[in-house]
Amino acid sequence: MARSGLYRVFMRLALVVGVWASVIGLTASVAVARPEPVPVPDDDRSGVSRYFSGPQGLAIPTAPCDPAGPSATDGIMAGQLNPQLDAKMAGYLTAYKMSCARMVTQAVKDRGLNPRAAAIAIATIIVETSMNNYSQAVDHTSIGLFQQQDWWGSREQRLNPAYATNAFLDDMERRYPGGSWNNAPIGEVCWRVQQPREDLRHLYGIEAGDATLIANALWSGTSTGPKHPYASGRVVSGRSADGRLEAFAAGADGVYHAWQTAANGAWSPWRPAGGPRNAQLAVASNADGRLELFALSDSTFDHMWQTGPSGGWSAWENFGTGGHRLAAGHNADGRIEVFASNADGVFHRWQTAPSGGWSGWEGTQGGPADARLAMENAPDGRLEVFALSDSTFEHLYQTRVNGGWSAWENFGTGGRTVATGHNQDGRLEVFASNADGVFHRWQTGPASWSAWTGTGGIPDAELATSRSVDGRVEVFAINATTASHAWQTRPNAEFSQWETFGGGGTSIGTGRNADGRVEVFGTSRAGVYHRWQTGFATWSEWAWLNDSGPSMPQGVVAGPSTAKGLVGGSARR
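No experiment lies behind these values; they were computed from the predicted model shown.

Caption draft 1: Spatial organisation of the overall build of the chain. Along its length, the chain carries 9 helices and 29 strands. Counting every position in the chain, which comprises 573 residues, the buried fraction comes to 59%. Summarising the internal contacts of the chain: among those between residues at least 6 apart in sequence, 52% fall at separations of at least 24. For the chain, the computed accessible surface area is about 20,800 Å², with 53% contributed by carbon and sulfur atoms.

Structure, rendered in structure tokens:
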């Protein structure tokens, strides 16, 4: 940029900010737009970038990104991500900046695009404004997160993160038709849309890595949009509306309950909660944020629910007769749907309105008898159900979003247990164990599946899955002698080799803290243990979950276990 150009920009900055100190040390501006007639040519389309002013930005007024303001989770996530960033924003993320990135990410998700599109948009706002929604123009008419000039929309529109993001994405898709932006470097896509000077195009690429990390964290942590079910089993966990995990374990004398006393924090002591003995458990979240717990024994099916978001719990209420296993998930419109198996096949019951009443039980036209069940949401929001018995594996799915169900179709041979998860791009992953180890099968497209592939792993294992904050699926397995762990080496990709995760036990479950860190729950005859990520790739040792909680013998789940429980696992990977 010519010295005279810098002088004009600096003078304008000084008039707005009121002090020359605010511009000392600036060396260049990424995208100084020149006044142009409409239609806008493909150069110098963006406004003044704050790239060289430091990640705090100049003393320019900002508008809220979320009308409700930054959330507690925004602050938590900013604190967790700061040490992982390598470029401009390292150490400078705040709750406000995370709220801006969250609103951008949600706009991308609502548009039906993928996390890479969110990373492209976030890299742009890092370069242009250090993730500040500037409400006062500095260079010509540029305002907002993307520094969009007045030909992008009205002042109110450009200060609205959803509108501004969609305007950016409209231009991106015009320049890269047919989704070809997926195959172009992130920095190049940003530059083509923003159109600063040629010698400044590299700046967006510098931020691509950090933008991807932020986008992935928000994508997996965003609470709106289609929800993904919590896994069922003898130990389960769900997250209250305020971010605290709540855990439930099925004892011989009823259900036990423990909860985090603060989001991402310590745990309460275990408390007997009554309910069925030796139950199988499932937890789901109502559309209004209230958790609901389902407990199925061989003689009864009961449920209880939070009386308010993050609040206390109701008394138990009958939900049906006894059965074998259960699973609970969410329709795309927020209505909970519950499936249960018995000797006659698989049955289901669903909410007739979000957070509302329930239908009666209905059959599913078959399904394996006494099947172990797992549920997941397909990328478009349709529920899919997987039912594994000793002799067969079958699959059921909604034929449309919130709609009816297909006939059962064969999905494989019999096995011990089943667990499901979803890739960062939404495609489902299904894991099953038998005497030969752990196998998996994954969606290759919206309605197509890979063949079964062996992963090695321990035999006859109980399974659980979760996702790291960067979008990688993680798989946990436990049998009577050992616990083991494998993970995707990158999002949507192949898995690592199995690694020892501890000693033997009886069942395993997972939860995700408000900041995205995975928490793993393991049970044995001695009680309930947990292990948690201390970063996003490091782990604590096994420890009691406050106290030992209920004894959890193998019983209906597995063979004999030592009382030694879950000890001796690797704390790092």
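Caption draft 2: Quick peek at the pairing of strand β19 (residues 437-445). Inspection of the sheet shows strand β18 (residues 428-434) paired to β19 by 6 bridges, in the antiparallel sense. Along β19, the bridge assignment pairs Asn-434 with Gly-437. Between β18 and β19, which pair antiparallel one after the other, the connecting turn spans 2 residues. Across 2 bridges, β19 lies against strand β21 (residues 453-454) in antiparallel orientation. Counted as the bridge partner of His-440 is Thr-453 from β21.

Caption draft 3: How the structure looks around the state of the cysteines. The final tally for this structure, using the stated rule, is 1 disulfide. The disulfide that involves Cys-65 links it to Cys-100, with 2.1 Å between the sulfurs. In this structure the cystine formed by Cys-65 and Cys-100 twists about its S-S bond by roughly 85°; its chirality is therefore right-handed. Of this pair, Cys-65 sits in the loop between α1 (3-17) and α2 (72-81) while Cys-100 sits in helix α3 (residues 95-111), and the two are 35 residues apart along the sequence. We note that Cys-65, like Cys-100, is buried.

Caption draft 4: Looking closely at α2. Burial in α2 covers these residues: Asp-74, Met-77, Ala-78 and Leu-81. Projected down its long axis, α2 carries its buried residues within an arc of 105°, all on one side.

Caption draft 5: Representation of the pairing of strand β6 (residues 291-296). Of all 6 residues making up β6, 6 are buried, and the element is well covered by its neighbours. The two faces of β6 match: Leu-291, Leu-293 and Ala-295 on one face and Glu-292, Phe-294 and Leu-296 on the other face are all buried. Here 6 bridges tie strand β5 (residues 280-285) to β6, and the two strands are oriented antiparallel to one another. In the strand pairing of β6, Val-283 is matched with Leu-293. Where β5 folds back onto β6 in an antiparallel hairpin, the turn is made up of 5 residues, including Gly-289, whose phi is positive at roughly 95°. Note: β6 against strand β7 (residues 300-305), 5 bridges, orientation antiparallel. Opposite Ala-295, over in β7, you have Asp-302 as the bridge partner. Hairpin connection, β6 to β7: the antiparallel pair is bridged by 3 residues.

Caption draft 6: The packing of aromatic side chains, seen in detail. Within the structure shown, the criterion is met by 22 aromatic pairs. An angle of 25° between the planes, with centres 5.0 Å apart, marks the rings of Phe-146 and Phe-168 as stacked. With Phe-146 in the loop between α4 (115-129) and α5 (155-158) and Phe-168 in helix α6 (residues 161-175), this residue pair connects regions lying 22 residues apart in the sequence. For the pair formed by Phe-146 and Phe-168, the shared burial category is buried. Each member of the aromatic cluster is reached from another via a ring pair, and the members are Phe-294, Phe-301, Phe-319, Trp-358 and Trp-361. The ring of Trp-191 has Arg-201 sitting right over it, with the charged end atom 3.7 Å from the ring centre. In this structure, Arg-441 packs its charged tip against the face of Phe-411, placed 4.3 Å from the ring centre.

Thresholds applied
- Residues numbered from 1 in each chain as written.
- Predicted model: local features only at pLDDT ≥ 70, side-chain atom pairs only at ≥ 80, totals over all residues.
- Heavy atoms only, no water.
- Helix = DSSP H or I, 4+ residues; strand = E, 2+ residues; numbered from the N terminus.
- Buried < 20%, exposed > 50% of the residue type's maximum accessible area, 1.4 Å probe, protein only.
- Contact = heavy atoms within 4.5 Å.
- Areas by Shrake-Rupley, 256 points an atom, 1.4 Å probe, with all protein chains shown as cover.
- Pairing = 2+ DSSP bridges.
- Disulfide = S-S within 2.5 Å.
- Arc of directions from axis to C-beta.
- Phe/Tyr/Trp six-rings, centres within 6.5 Å; stacked < 30°, edge-to-face > 60°.
- Lys NZ or Arg CZ within 6 Å of the ring centre and 35° of its normal.

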